[in-house]
Each structure stands twice: as C-alpha cells, then as structure tokens.
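# Fold and contact review
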Amino acid sequence: MALEDCRRSSALPSFLYKSKGFKAPAPAPAINGGGGGALQSSRFLIPSPDESKKIAMYSPEFYAACTVGGILSCGLTHTAVTPLDMVKCNMQIDPAKYRSIGSGFGVLYKEAGPKGLFKGWVPTLFGYSAQGAFKFGLYEFFKKYYSDLAGEENAYKYKTFIYLAGSASAEFFADIALCPMEAVKVRVQTKPGFANGLLDGLPKITRAEGVPGLYRGLVPLWGRQIPYTMMKFACFEATVEALYKYVIPKPKDECSKVEQLGVSFGGGYIAGIFCAIVSHPADNLVSFLNNTKDATIGQAVKSMGPVALFTRGLPLRIVMIGTLTGAQWGIYDAFKVFVGLPTSGGVSKAPEQLTTPLPLPSA
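Residues numbered from 1 in each chain as written. Predicted model: local features only at pLDDT ≥ 70, side-chain atom pairs only at ≥ 80, totals over all residues. Heavy atoms only, no water.

As recorded in an unreviewed UniProt entry, the protein goes by the name MC family transporter, listed as coming from Selaginella moellendorffii. Comment text from UniProt for the protein, heading Subcellular location (unreviewed entry), reads "Mitochondrion inner membrane". (UniProt positions renumbered as here; feature names shortened; annotations may be inferred.)

Written out as structure tokens, the structure reads:
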C-alpha cells in the first residue's frame, strides 16, 4: 500500500514543476532491522516550490493563483493589442477598404484619430480577463485530473494527450465566459455608429436580439479557440521541454528566474505562430457572423470563399498572436514566480523505477 501511495504522489504533471534546489529527504531507518528502510527509501515528498510563501502544488491556493495569473496574462495582453485587433477585424469584414496592415492603420487613424485605434478596449479587457481565468486555472486543474485518471505510467507516456485534453476542456468553459464580450467588441469595432463601447453596446444587442444574441458566435468561437488553445498549451509544453533539453546549456533548476521567464516567452511565441494558423478560418467566421445579422456559418463560408477564409488577415494575426501568446506565458509565469510557484514546463523525466528490489521475508 505504501508503494502504491508513493507512485501516486509523483504522478504527472508534478515532475513539470520541480522547484529549484529540490532535494529528496533522507530515507527513514529500517524498522526492527527488517525491510522497512528499503521501502521507505522509495518514498519522497514534493514540497511547495517556496516554503516561505506557503503555496502547495495543486492546493486550492495553487489553482487560485493560476486563475489570477490567467486574468492578468490574457486581459492585459489582449487589451494592449487592441489597435492590431481593430485592423485585423476590419480587414476581415471590409477587405476592399482595409487592403493591408499599413493602410488599415491609416484609414482608422484618419477617420477616428488615436481613440479610434482603441475602440472596444473595455469589452476586450473584461471578456479576455474572464477567459484567461478559466483558460489557465482550469487547464492546471484538468491536466492534474486527467493525469491522475491515467495513472503515473500512462500519464507520462501519453503526456501530449493529457495537455490536449486538459486545454480543450478548459477552453470549452472559457469561451462561454468570453462570448458575450466578444460579440460586443466585434460590433463596436466593425460597425460604424453601432455603439461607443460596452455600456451602450451590450444593452443594444440584448434589446434587439435578447441574450441569445450575445451567444450567436459561440459555436465558431469554440471552433476558433479550442484548437487554438490545444495548440497553445501542447506546443508550449513541448517547446519549453525541447529548449531546456537541447538548447539551454544547463538544467532548468540551475537557470535564474529571468532565464526561465525568457524561455517561457520564447516557447509561448513559437506556440502562438502555430495557434494563429490553425485557428484563423474560425476567427474569420466569428468576425463575419458577429457583423452580419442572421447569417449562418454556411453563408459565411460561401460569401468569403475558401481562400479568403484561410488567408484574409493571416499575416497580421500571426504577428499579433505570436506576440500575444509569448507575452501571456511571460506574464503568467512571472505572476507564478511572484507568489512562490515555479515556472511552467521543463524537461520531463520518466517515472522513477525502484532500483533496489524489496527483500523477501525470512523463513
């Protein structure tokens, strides 16, 4: 029974969060000269990364910290790139008027001045803060939950599937929180004269279409965000592991916090490029449906055409999402470090096997 408890205690993903300077406690002495010492030597405890902060891994405080980190990482970054989002959305809706990134900025600045570039920043802040809370907080929860269900051996062997399943589950709920604010944001940004922002845009939609009008874009939002988030987390985990394994000349535990945060940003940026590509068609559909009343997904695809569906606004979105995702992982891990938790990802190790066989009982 003690051996079984030992294996459970070290199940993935706990090896991803090995703290700097970690040392396993010394084995307990044998009891009555029997084999207890050999059994006790295989047991170890995983302390919280910073005992002075009193946050234990996978405790309620841990998930609360990850939730707050997600709010900061997603809310702040999406709000900061509102001008890029403004140009991208308008290029998707009216490509004849907004022909390129440069001309798109020029048209918006000429028509609305500097304020026009930040139109819709309030629903962006609220919507993506809510999304970030669920995205990061629930990802950590589901990753641990699915790892425990799979067991130590399978969780390590199929760790990529754990990342994919955990991120998809988290994003399902995150998009329900995001969808109403996304509906307001897109219409404020792409429909001149519709509303000035959240305070007048939200009631205008509910009066005209009811609460369901805020969720018209939920299905394509799932289609955009779930593949995006699966790529975001799985690619990040794999990239960071590869960087520590093949690029960084020293183990993660020997890297400074600044170096670890640099790896987090780099891994996030690389993941963001792939995120933008796989989720871009659905992003075009979200913009089209939120801007065109009573349109269906089929009508949107037919109107845009397959080439435009996959390519319209893609270069700008790669730049925006790459920067965005890198910054999000940087902010998220910086907050985790601030509260005494380790940075995300790292070199994974196979579950430790017992090297010393248990002694047979004496006759």
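## So, the nonpolar core
Of all hydrophobic cores here, the largest spans 28 residues; its most connected members are F62, F136, W329, V339 and L341. Elements with a contribution of two residues or more to this core: α3 (60-80), α6 (121-150), α8 (159-190), α10 (218-247), α11 (257-291) and α14 (314-338). Here this core spans two domains, and each of domain 1 (55-215) and domain 2 (226-345) adds at least three residues to it. (Core = buried A, V, L, I, M, F, W, Y, C linked by side-chain atoms within 4.5 Å. Buried < 20%, exposed > 50% of the residue type's maximum accessible area, 1.4 Å probe, protein only. Helix = DSSP H or I, 4+ residues; strand = E, 2+ residues; numbered from the N terminus. Domains from an automatic or database assignment.)

## Looking at the packing of helix α4 (residues 82-93) against α14
Helix packing geometry: the angle between the two helix axes and the distance between the axes. Orientation of α4 relative to α14, taken along the N-to-C sense of each, is 155 degrees, at an axis distance of 10 Å. Considering their axes alone, α4 and α14 lie roughly antiparallel with respect to each other. Considering how the two elements wind past one another, α4 and α14 form a crossing that is left-handed. Contacts between α4 and α14 involve L84, D85, V87, K88 and M91 from the first element and L316, R317 and M320 from the second. Of the residues that constitute the contact of α4 with α14, the class distribution is five nonpolar, no polar and three charged. (Axes fitted to C-alpha atoms, helices over the stretch in contact; angles between N-to-C directions. Parallel < 35°, antiparallel > 145°, perpendicular 65-115°, else oblique. Left-handed = near helix turned anticlockwise from the far one by under 90°. Contact = heavy atoms within 4.5 Å. Nonpolar A, V, L, I, M, F, W, Y, C, P; charged D, E, K, R; others polar.)

## Here's the deal with the side chain of E171
Structurally, E171 can be placed in helix α8. Judged by relative accessible area, E171 falls into the buried class, the value being 0%. At a separation of 2.8 Å, a polar atom in the side chain of E171 contacts the side chain of K135. If near-sequence neighbours (up to four positions away) are discounted, E171 is found in contact with Q131, K135, W222, Q225, I226 and T229. (Polar contact = N/O pair within 3.5 Å; in protein donor to acceptor, adjacent residues only side chain to side chain.)

## Notes on a nonpolar patch on the surface
Together, F134, F172, F173, I176, V211 and Y215 make up a nonpolar patch on the protein surface, roughly 490 Å² of accessible area in all. Looking at the nonpolar patch element by element, the count peaks at three residues for α8. Mapped onto the fold, F134 is located in helix α6. In this structure F134 comes out as partly exposed when scored by relative accessible area, which is 36%. (Patch = residues over 30% accessible without salt bridge, like charges linked within 9 Å, V, L, I, M, F, W, Y side chains within 5 Å. Areas by Shrake-Rupley, 256 points an atom, 1.4 Å probe, with all protein chains shown as cover. Salt bridge = Lys/Arg side-chain N within 4 Å of Asp/Glu carboxyl O.)

## Re the packing of α3 against α14
Where α3 contacts α14, the axes come no closer than 8 Å and their chain directions differ by 145 degrees. In this structure, the crossing between α3 and α14 has a hand that is right-handed. The residues of α14 that touch α3, namely those facing A65, C66, V68, G69, G70, L72, S73, C74, T77 and H78, are L324, A327, Q328, I331, Y332 and F335. A class-by-class count of the residues in the contact of α3 with α14 yields 10 nonpolar, six polar and no charged.

## Things to note about the packing of aromatic side chains
The geometry of an aromatic ring pair is captured by two quantities: the separation of the ring centres and the angle between the planes. Evaluated as defined, the whole model comprises 19 aromatic pairs. Ring geometry for Y139 versus F233: centroids 4.0 Å apart, planes at 35 degrees, classification tilted. A residue pair is termed long-range when its members are at least 10 positions apart, and Y139 in helix α6 and F233 in helix α10 qualify at 94 residues. Across the pair, exposure class does not vary: Y139 and F233 are buried alike. Ring geometry for F233 against W329: centres 5.2 Å apart, planes inclined by 80 degrees, an arrangement best described as edge-to-face. Of this pair, F233 sits in helix α10 while W329 sits in helix α14, and the two are 96 residues apart along the sequence. Through a chain of ring-to-ring contacts, three or more aromatic side chains come together here, namely Y58, F62, Y63, F141, F142, Y145 and Y146. The ring of Y58 carries K144 above its face, with NZ or CZ at 5.2 Å from the centroid. (Phe/Tyr/Trp six-rings, centres within 6.5 Å; stacked < 30°, edge-to-face > 60°. Lys NZ or Arg CZ within 6 Å of the ring centre and 35° of its normal.)

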